[in-house]
Amino acid sequence: MKPFTSLLTAALLSAASLSACGGSENRMSIQEQTEKRFQLNPHPTKAYRIKIKINDAPGPLKLIGDMYVGYTAQNCSYVINELEGASTNPHKDIPNKIRQIGQDEYESIIYFDAMQDEDYFGKGVCKWEVENFGTAFKATGKPEETTFNVSDVMEKLIEKKTLTKYYWKARYPYYRNEDGSIALQNDGIEGMPKGVIGYVYFGADSLKGFNKEQLKNLFSISVTLEEIK
């Protein structure tokens, strides 16, 4: 299973590679057309509650999107470029609404069986599994502000029940370079949208390696998973 960091890197590399080969439009159309065939489960039953808690942030944080949950059918694959023989597993990202339940507290209801198991390619039933999750916050929502990403593989959240990400307070509201300028990314990368895009900050998975003085300069975002019975 791949966390969102790996997926983002893979997407960037794939976009550059496809453009260089001159076949990006064709391959993307194959993936987009195939993805439209993947059906949602009309009667999901495996409901879970994801709770998010922001702790000791240096200022207000604004939710900038839904809770995205990624699903993959590892037992199936399809060809996305016949010339190169490239294939991929069926994947689908589903947005789930997030509601605020208190000061710096949010929750989202997701379903582990949100996708419909079905024989999509005439080679047997594709079994969907939940793979990853993610959402993000900014100070006010301005494009150039730091994006505080909260994401990981679902397998880790299932195992530990609670995951915590740690962020430098100094990265709020902007991630700055050594010369004081605002750090930007994605601008000018082939295959990515043009424009001003602030730094995407994934945070640290643990406090290992931080000394007592550094700990004073961190804030955290915790994610908890609860089964709804």
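Source: prediction; values computed, not measured.

K.L.:
Teacher, can you tell me more about the sheet that holds strand S1 (residues 47-55) here?
P.N.:
The strands making up a sheet are joined through hydrogen bonds of the backbone, oriented either antiparallel or parallel. Spatially, five strands are ordered S7-S8-S1-S13-S11 in an open sheet, and the strand pairing comes out antiparallel. Of all strands in the sheet, those bounded by a partner on one side alone are strand S7 (99-102) and strand S11 (162-168). Averaged over all adjacent pairs, the angle separating strand axes in this sheet is 25°, with direction ignored. Relative to strand S8 (residues 105-111), S7 is paired through three bridges, and the arrangement is antiparallel.

K.L.:
I tried to follow the packing of aromatic side chains on my own but got confused; where do I start?
P.N.:
For any pair of aromatic rings, geometry is given as the distance between the ring centres together with the angle between the planes. Per the stated rule, a full pass over the model turns up 17 aromatic pairs. On the numbers, 4.0 Å between centres and 15° between planes, the contact of Tyr48 with Phe112 is stacked. Of this pair, Tyr48 sits in strand S1 while Phe112 sits in the loop between S8 and strand S9 (129-138); the two residues are 64 residues apart in sequence, bridging distant segments of the chain. For the pair Tyr48 and Phe112, one class covers both residues: buried. Taken together, the ring pairs in this structure connect Phe148, Tyr167, Tyr172, Tyr175, Tyr199, Tyr201 and Phe219 into an aromatic cluster.

K.L.:
Can you walk me through the environment of Lys53 in this structure?
P.N.:
Considering the arrangement of structural elements, one finds Lys53 in strand S1. Apart from the residues lying within four places of it in its own chain, the contact partners of Lys53 are Asp104, Glu105, Ser220, Ile221 and Ser222.

K.L.:
Please clarify how the confidence of the model for the protein chain should be interpreted in this entry.
P.N.:
Averaged over every residue, the pLDDT of the protein chain is 87; the share at 70 or more is 83%. pLDDT under 50 marks residues 1-24. Its contacts with residues more than four places away, or in other chains, come to 29 contacts.

K.L.:
Looking at this structure, how should I read the pairing of S9?
P.N.:
Among the ten residues that make up S9, nine are buried, leaving the element largely enclosed by the rest of the structure. Summarising the sheet, strand S2 (residues 62-63) and S9 pair through two bridges and their orientation is antiparallel. Residue pairing for S9: Leu63 is matched across the bridge by Phe137. Summarising the sheet, S9 and strand S10 (residues 147-153) pair through six bridges and their orientation is antiparallel. For Phe137, the partnering residue across the bridge sits in S10 and is Phe148.

K.L.:
What's the story with the pattern of salt bridges in this structure? I'm lost.
P.N.:
Working definition: two side chains of opposite charge can pair if their charged atoms are close together. Tallying each qualifying case throughout the model produces twelve salt bridges. One salt bridge connects Arg49 with Glu226, and the closest N-O pair in it is separated by 3.5 Å. Note that Arg49 is positioned in strand S1 and Glu226 in strand S13 (residues 218-227), a separation of 177 residues in sequence. A salt bridge links Lys165 to Asp152, with the nearest nitrogen and oxygen atoms 2.7 Å apart. With a gap of 13 residues between them, Lys165 in strand S11 and Asp152 in strand S10 connect regions that are remote in the sequence.

K.L.:
I would appreciate a short explanation of the pairing of S1 in the present structure.
P.N.:
The side chains of a regular strand alternate, residue by residue, between the two faces of the sheet. Judged from the seven bridges that link them, S1 and S8 form a sheet pairing that is antiparallel. Counted as the bridge partner of Lys53 is Glu105 from S8. Bridging between S1 and S13 involves eight bridges; their strand directions are antiparallel. Looking at the pairing, Lys53 lines up with Ser222 of S13.

K.L.:
What exactly am I supposed to notice about the state of the cysteines here?
P.N.:
Every disulfide links exactly two cysteines, by a covalent bond between their sulfur atoms. By the definition in use, this model includes one disulfide. Paired by a disulfide, Cys76 and Cys126 hold their sulfur atoms 2.2 Å apart. When the S-S torsion is -110°, as for the bridge of Cys76 with Cys126, the disulfide is left-handed. Here Cys76 is found in the loop between strand S3 (67-72) and strand S4 (78-81), whereas its partner Cys126 is found in the loop between S8 and S9, with 50 residues between them in sequence. Each member of the pair, Cys76 as well as Cys126, carries the same accessibility label: buried.

Rules of the game
Residues numbered from 1 in each chain as written. Predicted model: local features only at pLDDT ≥ 70, side-chain atom pairs only at ≥ 80, totals over all residues. Heavy atoms only, no water. Pairing = 2+ DSSP bridges. Helix = DSSP H or I, 4+ residues; strand = E, 2+ residues; numbered from the N terminus. Axes fitted to C-alpha atoms, helices over the stretch in contact; angles between N-to-C directions. Phe/Tyr/Trp six-rings, centres within 6.5 Å; stacked < 30°, edge-to-face > 60°. Buried < 20%, exposed > 50% of the residue type's maximum accessible area, 1.4 Å probe, protein only. Contact = heavy atoms within 4.5 Å. pLDDT = per-residue confidence, 0-100. Salt bridge = Lys/Arg side-chain N within 4 Å of Asp/Glu carboxyl O. Disulfide = S-S within 2.5 Å.

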